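Coordinate analysis (summary)
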Amino acid sequence: MTSRYYVTTPIYYVNGAPHIGHAYTSIAADVLARFNRLDGKDVFFLTGTDEHGQKVEQAAQTAGIDTQSFTDGIAADFRSMADAMGISYDDFIRTTEPRHKQAAQALWEKVAANGHIYLDAYEGWYALRDECFYSEDELTTHADGRKTAPTGAPVEWVREPSYFFRLSAFEDRLLALYEQHPEFLGPMGRRNEIVSFVRQGLKDLSISRTSFKWGIPVPGDADHVMYVWFDALTNYLSALGYPDFSAERMKYWPASAHIVGKDIIRFHAVFWPAFLMAAEIDLPHSVFANGWWTIEGEKMSKSIGNVIDPRDLVASYGLDPVRFFLLREVPFGGDSDLSKRSLVNRLNVELANDLGNLAQRTLSLIARNCDATLPAFDARSEDDNALLASASLLPELLRGQMGRFALTDGLEEVWKVIRACNSYIDRQAPWALKKTDLVRMATVLRVLHEAMRHIAILLQPYMPGTMDKLLTQLGVAETARDFASLATPLDAGITLPAPQGLFPRYVEPETAA
């Protein structure tokens, strides 16, 4: 029976245009989805947009258009970004869709029926930018008397009638979840932060608002709209057909992995499991938070003017080099800096030199010296076997890394084999063997070809377009590019197409004087 894998991005908030941080999270989730598909799993991959809340309503008013038209435009832009970044999503959920509204209201009704929602009035410090209430001890008081949230967002004192979720009742169950299932929450720094937050004591959570109307109405009380996070988090269920547990897609629940930015880890690791516990629904297996990106050492900011549209990067450097860089530069889960110099260095050294040049040398030698046909293995030396063994270990190594969300470490494992291939070709010098031992030359080239077949198949999740080109040049049929196919070597004697460069070196365009 095929195992299932359900991975999600957060649904992105439509009060602004997509930027490099959104692309980063989406690419990471895409790598996980593609990897697990190639590993034979039945994968469902969800992304989408979060379209309710006061911030969206205000942004639409500022733009001078009606709120639905505003959300339609930005949701389309996020879908365009996902397509431009090669994101292989199976569904794109929007929280303004009828299917989502139905699911969110059904979840509310279930939680309420179980006794976990009550009506009261709320007073507290509210950060509109974060759509979040904060306690006094979480705030920073500035010299001019202003108070700001831990995120730096301004806060205001709010009092209004509100429905509350009995979050305090789930404190012990949440702590037990983190302790008994350490895999539920990562990386370790975020896990420690959440455990500390819950141990300090949880207060009941305000989950409705009356001061604006752009949201999903609370069932049975149209004066209230749902708190945007109760609404938004439900998307992971609404895309599957909830509340119809007999729906075909519900087989994918519980989610295998929610990939989120570190700024929204509290909502996913505290509120979401508590809502699900209250509704008696199985919990997701893992929530993993990636870090933030700075640009040339500075925080992304509209006022500075350094917010980067990922599509602009792709236009300059190519899609796969950008995907590679974002997951190669800093261990996944940590904060990262987008430096143009570093991006170009990765492209030229690791892609153009290490991998591109290896492929070009090997395939050109086969084309010239073996009549463009794949040579057979002859007697293999210890050096040959060592290289092939390191390549054959890659699938299992990467399964472990993917299971730990160590996407950067997974790339490093592949690069160890690429570097080993480059050392091997220099040691064996097949160009010299052509003059002394044609049989040995053919074996060396076949060993390199086989190692590269492993490399190209395993790099598909990261760089799907370029690895498709490399696998075609290696003579690998489109039906033989999953991980199971690695166990079956290609037949000798097949004709290989003419080799073509994969990663042109990036040269800074000359600017007019």
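- The name given to the protein chain in an unreviewed UniProt entry is Methionine--tRNA ligase, with Asaia bogorensis NBRC 16594 as the source organism.
- What the UniProt record of the protein chain gives under Subunit (unreviewed entry) is the line "Monomer."

Quick look at the overall build of the protein chain
- Across its full length, the protein chain carries 18 helices and 19 strands.
- What you see for the protein chain is a C-alpha radius of gyration of 26 Å, in line with the 24 Å of a compact globule of 513 residues.
- Counting across all 513 residues of the protein chain, residues that qualify as buried make up 58%.
- When contacts within the protein chain are restricted to residue pairs at least 6 apart in sequence, those whose partners lie at least 24 apart make up 77%.
- Here the protein chain displays about 21200 Å² of accessible surface, and carbon together with sulfur accounts for 50% of that area.
- A gap of 4 Å separates the mean positions of the 50 positive and 66 negative side-chain charges of the protein chain.

Considerations on the layout of surface pockets
- Taken as a whole, the largest pocket holds about 1700 Å³ of empty space.
- Every residue lining the largest pocket is counted, 46 residues in all, and those nearest its centre are His19, Arg129, Asp130, Asp263 and Trp292.
- When residues of the lining of the largest pocket are traced back to their parent elements, those giving at least two are β2 (12-13), α1 (20-38), β6 (132-134), α6 (188-199), α7 (228-233), β15 (257-261), α9 (265-279) and β17 (293-295).
- Ranked by residues supplied to the lining of the largest pocket, first place goes to α6 with 4 residues.
- Here the residues of the lining of the largest pocket sort into 22 nonpolar, 12 polar and 12 charged.
- Of the volumes computed, that of the second largest pocket is approximately 560 Å³.
- What lines the second largest pocket is a set of 25 residues, among which Phe133, Tyr134, Ser135, Glu138 and Lys203 lie closest to the centre.
- For the lining of the second largest pocket, the secondary-structure elements that each account for two or more residues are β5 (117-127), β6, α6, β11 (205-206) and α9.

Some thoughts on the pattern of salt bridges
- Enumeration over the complete set of coordinates arrives at 34 salt bridges.
- Among the salt bridges present, the one from Arg209 reaches Glu160, with a minimum N-O distance of 2.8 Å. With Arg209 in strand β12 (residues 208-209) and Glu160 in strand β9 (residues 156-165), the pair connects residues that are 49 residues apart, well separated along the chain. A single burial state applies to Arg209 and to Glu160, both of which are buried.
- In this structure, Glu412 engages Arg419 in a salt bridge whose closest nitrogen and oxygen atoms are separated by 2.4 Å.

Describing the packing of aromatic side chains
- In total, this model carries 28 aromatic pairs according to the counting rule given.
- When the ring of Tyr6 is compared with that of Trp253, the centres are 6.2 Å apart and the planes differ by 65°; the resulting orientation is edge-to-face. Pair noted here: Tyr6 is in strand β1 (residues 4-8) and Trp253 is in the loop between α8 (235-238) and β15, with a separation of 247 residues, a long-range link. Here Tyr6 matches Trp253 in class, with each residue buried.
- One aromatic cluster is present, formed by Trp108, Tyr163, Phe165, Phe170, Trp229, Phe230, Phe267, Phe271 and Phe275 through successive ring pairs.
- The ring of Tyr126 has Arg209 sitting right over it, with the charged end atom 4.3 Å from the ring centre.
- One Lys or Arg, Arg380, reaches over the ring of Phe377 and ends 4.9 Å from the middle of that ring.

Brief notes about the sheet that holds β12
- Sheet architecture is open: 3 strands sit in the order β12-β14-β13, paired in antiparallel fashion. For this open sheet the edge positions go to β12 and β13 (217-218), each flanked by a neighbour on one side alone.
- The pairing of β13 with strand β14 (residues 221-226) spans 2 bridges and is classified as antiparallel. Residue Pro217 lies in a different strand from β14, and its bridge partner there is Val225.
- Set on the sheet, helix α4 (residues 98-113) makes contact with β12, β13 and β14; between it and β14 the angle comes to about 100°.

What about the sheet that holds β6?
- Read across the open sheet, the 4 strands follow the order β6-β5-β9-β11; overall the sheet is antiparallel. A strand with exactly one partner marks an edge of an open sheet, and here the two such strands are β6 and β11.
- Sheet topology places β5 next to β6; 3 bridges connect them, and they run antiparallel. Counted as the bridge partner of Tyr126 is Phe133 from β6.
- Contacting β6, β9 and β11, α9 crosses the sheet at an angle of about 30° to β9.

Brief notes about the UniProt feature "short sequence motif: 'HIGH' region" (unreviewed entry) in the protein chain
- UniProt's entry tags residues 12-22 with the feature "short sequence motif: 'HIGH' region" (unreviewed entry), counted in the numbering of this structure.
- A distance of 7 Å separates the end C-alpha atoms of residues 12-22, which is 27% helix and 18% strand.

Considerations on empty space enclosed by the protein
- Applying the stated criterion to the full structure yields 1 cavity of 30 Å³ or more.
- Put simply, the largest cavity is a space of about 30 Å³.
- Forming the walls of the largest cavity are Leu363, Ile366, Ala367, Ala372, Gln473, Leu496, Pro497 and Pro499.
- The element best represented in the lining of the largest cavity is helix α12 (residues 340-369), accounting for 3 residues.
- For the lining of the largest cavity, the residue count by class is 7 nonpolar, 1 polar and no charged.

Focus: the environment of Glu183
- Among the structural elements, Glu183 can be located in the loop between α5 (171-180) and β10 (185-186).
- Residue classification places Glu183 among the partly exposed positions, given a relative accessible area of 46%.
- Once the C-alpha coordinates of Glu183 and Arg404 are considered, the two residues, 221 residues apart in sequence, prove to be 8.2 Å apart.
- Apart from residues no more than four positions distant in its own chain, Glu183 is found in contact with His285 and Ser286.

Conventions used here
Residues numbered from 1 in each chain as written. Predicted model: local features only at pLDDT ≥ 70, side-chain atom pairs only at ≥ 80, totals over all residues. Heavy atoms only, no water. UniProt positions renumbered as here; feature names shortened; annotations may be inferred. Helix = DSSP H or I, 4+ residues; strand = E, 2+ residues; numbered from the N terminus. Rg over C-alpha atoms; globule rule 2.2 N^0.38 Å. Buried < 20%, exposed > 50% of the residue type's maximum accessible area, 1.4 Å probe, protein only. Contact = heavy atoms within 4.5 Å. Areas by Shrake-Rupley, 256 points an atom, 1.4 Å probe, with all protein chains shown as cover. Lys, Arg positive; Asp, Glu negative; His and termini not counted. Charge placed at Lys NZ, Arg CZ, Asp CG, Glu CD. 1 Å grid on protein atoms, 1.4 Å probe; cavity = no way out; pocket = protein on both sides within 12 Å on 5 of 7 lines; lining within 4 Å. Points joined across faces, edges and corners; volume = space filled by probe spheres on them. Nonpolar A, V, L, I, M, F, W, Y, C, P; charged D, E, K, R; others polar. Salt bridge = Lys/Arg side-chain N within 4 Å of Asp/Glu carboxyl O. Phe/Tyr/Trp six-rings, centres within 6.5 Å; stacked < 30°, edge-to-face > 60°. Lys NZ or Arg CZ within 6 Å of the ring centre and 35° of its normal. Pairing = 2+ DSSP bridges. Axes fitted to C-alpha atoms, helices over the stretch in contact; angles between N-to-C directions.

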